[in-house]
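Remarks on the overall topology
Here's the letter readout for the chains.
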Amino acid sequence: MDFSGFPGLAGKTAIVTGSTQGLGADIARGLVAAGVNVVLVGRNVQAGQALAGELAERALFCETDIGQDSQIQRCIDAALARFGRLDILVNNACQYTDRGLASSREEWHSTLDTNLVSAAIFTQMAAPHLPRGGVVVNLGSTGGKFGAAGRALYPASKAALLQITKNFAVELAPAGVRVLAVSPAWTWSPSVEQLSGGSRQAADAVGAHFHPLGRVGAGSEIAAAVCFACSDAASWMTGVDIPVDGGFSILGPDRGISPRVWFQELAP
């Protein structure tokens, strides 16, 4: 995918949380390809250093526990020291542990702290450094928009993240800072790779039942949406969610299949 056509990104600096693997790494790659300097944030030192090496002089890995305010500040300071500016924050880090109604208080606190509270605090601490034209992108999810049995923590955290996208957009608008969300559906990532046994073909075959475009998404497609959101092409957009989901969110529980077909297949 060509990332060179997004206006106004070249020379800017972004922090991407949870960017040592999976979707976060794909977003970092896309931003670098668009001319952005990227600070990679995560706790996996080996993976972070390897990706920084791959992305060369435009990337800096900063080992960071986003649950610690002091480490968030250290990460922001490192970005400013290395690149001299901070223009973009991508709140991508999340955890997926979820036992639904059976989840413990500790599990609730842990998931919400990573997926929601840390994103809010990172935004709070980064905001004073973002110039007019700065952008915050929160990674939402179709999981935060619909009900699902056996899950509660992850969907609740993503739904709340979509809400604070609106609140922070209003609060930061006078400073000329935009806040947007990008919400993927099923995307080829470590979790989907594990579920499919490492088979993209199998993932696409299953995903075709829930995505009108007939497959799961690619990380580069999510990265392209993030680059668009951060670019001058989206300069009149703030406070909204950009669904990048292959049509997942336009379907109801009937999956876009008419009642006649369901009765033909399922009626006793």
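So, here's what we can say about the structure. (Residues numbered from 1 in each chain as written. Predicted model: local features only at pLDDT ≥ 70, side-chain atom pairs only at ≥ 80, totals over all residues. Heavy atoms only, no water.)

Overview of the pattern of salt bridges
The line we're drawing: For this document, the term salt bridge refers to a Lys or Arg side-chain nitrogen within 4 Å of an Asp or Glu carboxyl oxygen. In this text, helices come from DSSP runs of H or I with a minimum length of four residues, and strands from runs of E with a minimum of two, each type numbered from the N-terminal end. Here the term buried applies to any residue with accessible area under 20% of the maximum for its type, exposed to any over 50%, and partly exposed to those in between, with areas from a 1.4 Å probe on protein chains only.
Using the criterion set out here, one finds seven salt bridges in the structure. With a shortest N-O distance of 3.3 Å, R29 and D26 are connected by a salt bridge. Here R29 pairs with D26, and both are found in helix α1 (residues 22-33), just three residues apart, close to one helical turn. On the accessibility criterion, R29 (33% relative accessible area) is partly exposed. Given the relative accessible area of 22%, D26 is considered partly exposed. With a shortest N-O distance of 2.8 Å, R85 and D87 are connected by a salt bridge. The exposure class assigned to R85 is partly exposed, which follows from its relative accessible area of 36%. Each of D26, R29 and E54 takes part in one network of salt bridges that share partners.

A short note on α1
Under the convention used in this document: Take the residue count of a helix, subtract one, and multiply by 1.5 Å to get its expected span.
The end-to-end C-alpha distance of α1, which contains twelve residues, comes to 17 Å, matching closely the 16 Å that a straight helix rising 1.5 Å per residue would cover. Every buried residue of α1 is accounted for by L23, G24, A25, I27, A28, G30, L31 and V32.

Quick word on the nonpolar core
Quick note on the threshold: We define the nonpolar core as a collection of buried residues of types Ala, Val, Leu, Ile, Met, Phe, Trp, Tyr and Cys that are connected through side-chain atoms lying within 4.5 Å of one another.
The biggest cluster of nonpolar side chains holds 36 residues, and the ones touching the most others in it are I27, L31, L40, V90, V137 and L139. When residues in this core are grouped by element, the largest group, eight residues, is from helix α8 (residues 219-230). Counting 24 residues, the second largest nonpolar core, distinct from the first, contains I15, C62, I72 and C75.

Observations regarding the pairing of strand β3 (residues 59-63)
The line we're drawing: For two strands to be treated as a pair, DSSP must find at least two bridges joining them. Orienting the strands away from the viewer, one traces the path from the first strand over the helix to the second; a clockwise path indicates a right-handed crossover.
Of all five residues making up β3, four are buried, and the element is well covered by its neighbours. When strand β2 (residues 37-42) meets β3, the two strands line up parallel, connected through five bridges. The residue of β3 that forms the bridge with G42 is E63. Handedness of the crossover joining β2 and β3 through helix α2 (residues 45-55): right-handed.

Let's talk about the packing of aromatic side chains
Heads up, the rule is: Ring pairs shown here join Phe, Tyr and Trp side chains whose ring centres sit within 6.5 Å, with only the six-membered ring taken for Trp; geometry is labelled stacked below 30 degrees between planes, edge-to-face above 60, and tilted in between.
Counting across every chain of the model gives four aromatic pairs. Each ring, one from F3 and one from F6, has its centre 6.3 Å from the other, and the planes form 40 degrees; the classification is tilted. Given a relative accessible area of 8%, F3 falls into the buried group.

Quick notes on the packing of α1 against α8
For any two helices packed against each other, the geometry is given by the interaxial angle and the distance between the axes. Applied cut-off: Simply put, an axis is a line fit to the C-alpha atoms, just over the touching stretch for a helix, and the angle between two N-to-C directions goes from 0 to 180 degrees. Any angle from 65 to 115 degrees is called roughly perpendicular, while one under 35 is roughly parallel, one over 145 is roughly antiparallel, and all others are oblique. Note on convention: near helix rotated counterclockwise from far helix by under a right angle means a left-handed crossing. Clockwise means right-handed. Pairs of residues are marked as contacts when any of their non-hydrogen atoms sit within 4.5 Å.
At a closest axis distance of 8 Å, the pairing of α1 and α8 adopts a crossing angle of 55 degrees. Comparing the axis directions of α1 and α8 gives the class oblique. The element α1 and its partner α8 pack so that their crossing is right-handed. Residue-level inspection shows L23, D26, I27, G30 and L31 of α1 in contact with α8, the latter providing G219, S220, I222, A223, V226 and C227.

Looking at the environment of A33
Topologically, A33 is positioned in helix α1. Along the sequence, A33 and A234 sit 201 residues apart, while their C-alpha atoms lie 18 Å from each other.

A word on unusual backbone geometry
Of note, A56 is a non-glycine position whose phi angle comes to about 65 degrees, a positive value. Mapping A56 onto the fold places it in the loop between α2 and β3. Phi at R255 takes a positive value of approximately 60 degrees, unusual for a residue other than glycine.

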